[in-house]
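So you can see what is in the structure, the chains are spelled out below.
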Amino acid sequence: MSTLSTPAGAPPAKQRTPVRPARVLLHVFLAGTALAWLAPLLWAVFSALRPYSETSTKGYVSWPDTLSLGNFTNAFEQSDMLHYFGNTLLIAVPAVLLTLFLSSMVAFYVSRFDFRLNLALLLVFTAGNLLPQQVIITPLYRMYLLTDLPGITASGKLYDSALGLVLIHVAFQSGFCAFVLSNYMRSLPHELTEAALVDGASAWRLYWQITLPLCKPAMAALATLLSIWIYNDFFWALVLISTGDNMPITSALNNLSGQYFTDPNLVAAGALLTAIPTLIVYFLLQRQFVSGLTLGSAKG
């Protein structure tokens, strides 16, 4: 009985990998999880594209007669979004830069210099992230009211000012950033700093010209996370800001809610518009963001 042979020079036939039930279940689970996460977003987009008169008559679970961008236009104009985007930019940019600068200095000190209390100092900074915000809101609120800043803020106090929000974001985010950056800096070769010290470099030069440029991937990943966290903040702005014109964009969505009537389709359109800047930041820095998920995992 003769057998078929592969012609000379022909590539070998690829063997098909058998489909395992466990792999099928894994893909089904991942697809279901992705749909579960996307369902609220897709529902918000579907609602924002429909006029309220149609959904009030036919219900939200119905086939649409008309789809338009009218709700997005009305939400942008009625909520004065450009003004509140400017308020958010005034808070987020200084908060991100200050947090990265201060936390990188702490991380450099505890990771590149050996002394008894370096681990305790890092734990103190990190422990601040474990404290719930609601626990300190009452004393913090009173402290903001009692802190006078005449000529520095429009309100004359730390309360109801962009400076107050910048400071509280820096205070709460510095611990996490110092922890991540210290782990990253520990993975850098100590020979770099030792050689610079032999050449007579100062501590500031070791930090600014040698260590910090090597931490650009970590800094970019943290900048992405901080931008999204601070931009999406609602709690601190609601408590520490009283003037409506000083509110950031997340709190300004209240302008779309009336006293006796609220259009859910209009609010959905406004919420989607406020999410656009965070999506832009993520897509521009997504490579650094993904790599930042594994920062410090190579070395402890």
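Anything mentioned here points back to the structure above.
Residues numbered from 1 in each chain as written. Predicted model: local features only at pLDDT ≥ 70, side-chain atom pairs only at ≥ 80, totals over all residues. Heavy atoms only, no water.

Caption draft 1: Representation of the overall build of the chain. Secondary structure assignment for the chain yields 14 helices and zero strands. For the chain, the α and β elements follow one another from N to C terminus as α-α-α-α-α-α-α-α-α-α-α-α-α-α. Taking all 300 residues of the chain together, the buried fraction comes to 35%. Long-range contacts, defined as pairs at least 24 residues apart, comprise 70% of the intrachain contacts of the chain with a sequence gap of at least 6. (Helix = DSSP H or I, 4+ residues; strand = E, 2+ residues; numbered from the N terminus. Buried < 20%, exposed > 50% of the residue type's maximum accessible area, 1.4 Å probe, protein only. Contact = heavy atoms within 4.5 Å.)

Caption draft 2: Quick look at the nonpolar core. By size, the foremost hydrophobic cluster in this structure holds 56 residues, and its most contacted members are Leu-100, Tyr-144, Leu-165, Ile-168, Trp-236 and Leu-240. No other element matches helix α7 (residues 162-186), which puts 10 residues into this core. (Core = buried A, V, L, I, M, F, W, Y, C linked by side-chain atoms within 4.5 Å.)

Caption draft 3: Helix α1 (residues 21-48), seen in detail. Taking 1.5 Å of rise per residue, 28 residues should cover 40 Å, and α1 covers 40 Å from first to last C-alpha, within 8% of that figure. Along its length, α1 reaches its greatest deviation from straightness, about 40°, at Leu-38, and the proline Pro-40 lies no more than four positions downstream. (Expected span 1.5 Å × (residues − 1). Bend = angle between axes of the 7 residues up to and from the residue.)

Caption draft 4: Quick look at a nonpolar patch on the surface. The grouping of Leu-98, Phe-101, Leu-102, Met-105, Trp-204 and Trp-208 at the surface amounts to a nonpolar patch, some 550 Å² of accessible area in total. Elements that contribute at least two residues to the nonpolar patch include exactly α4 (81-112) and α9 (203-214). A total of four residues in the nonpolar patch trace back to one element, the largest contributor, which is α4. In this structure, Leu-102 sits in helix α4. Looking at Leu-102, the relative accessible area reads 37%, which means it is partly exposed. (Patch = residues over 30% accessible without salt bridge, like charges linked within 9 Å, V, L, I, M, F, W, Y side chains within 5 Å. Areas by Shrake-Rupley, 256 points an atom, 1.4 Å probe, with all protein chains shown as cover. Salt bridge = Lys/Arg side-chain N within 4 Å of Asp/Glu carboxyl O.)

Caption draft 5: Fine view of helix α13 (residues 264-284). Between its first and last C-alpha, α13 extends 31 Å over 21 residues, near the 30 Å set by a 1.5 Å rise per residue. The sharpest bend along α13 reaches about 30° and sits at Ile-276, with the proline Pro-277 one to four residues further on. Regarding α13, the residues found buried are Asn-265, Leu-266, Ala-268, Ala-269, Gly-270, Leu-272, Leu-273, Thr-274 and Thr-278. The elements touched by buried residues of α13 are α1, α2 (52-58), α3 (70-78), α4, α10 (216-231) and α12 (249-252). Between a side-chain oxygen at the N-terminus of α13 and the backbone nitrogen of Asn-265 the separation is 3.1 Å; the capping residue is Asp-263. (Polar contact = N/O pair within 3.5 Å; in protein donor to acceptor, adjacent residues only side chain to side chain.)

Caption draft 6: Representation of the packing of aromatic side chains. This model, assessed by the stated rule, comprises 10 aromatic pairs. Aromatic pair Trp-204 and Trp-208: ring centres 5.5 Å apart, planes at 10°, arrangement stacked. On the criterion of helical spacing, the pair formed by Trp-204 and Trp-208 is a turn pair, its members being four residues apart in helix α9. Overall, Trp-204 belongs to the partly exposed group, its relative accessible area being 47%. The exposure class of Trp-208 is partly exposed, given its relative accessible area of 44%. Ring centres of Phe-235 and Trp-236 lie 5.2 Å apart, and the angle between their planes is 70°; this geometry places the pair in the edge-to-face category. With relative accessibility at 25%, the residue Phe-235 sits in the partly exposed group. Here the aromatic residues Phe-108, Trp-204, Tyr-207 and Trp-208 are joined through ring pairs into a cluster of three or more. (Phe/Tyr/Trp six-rings, centres within 6.5 Å; stacked < 30°, edge-to-face > 60°.)

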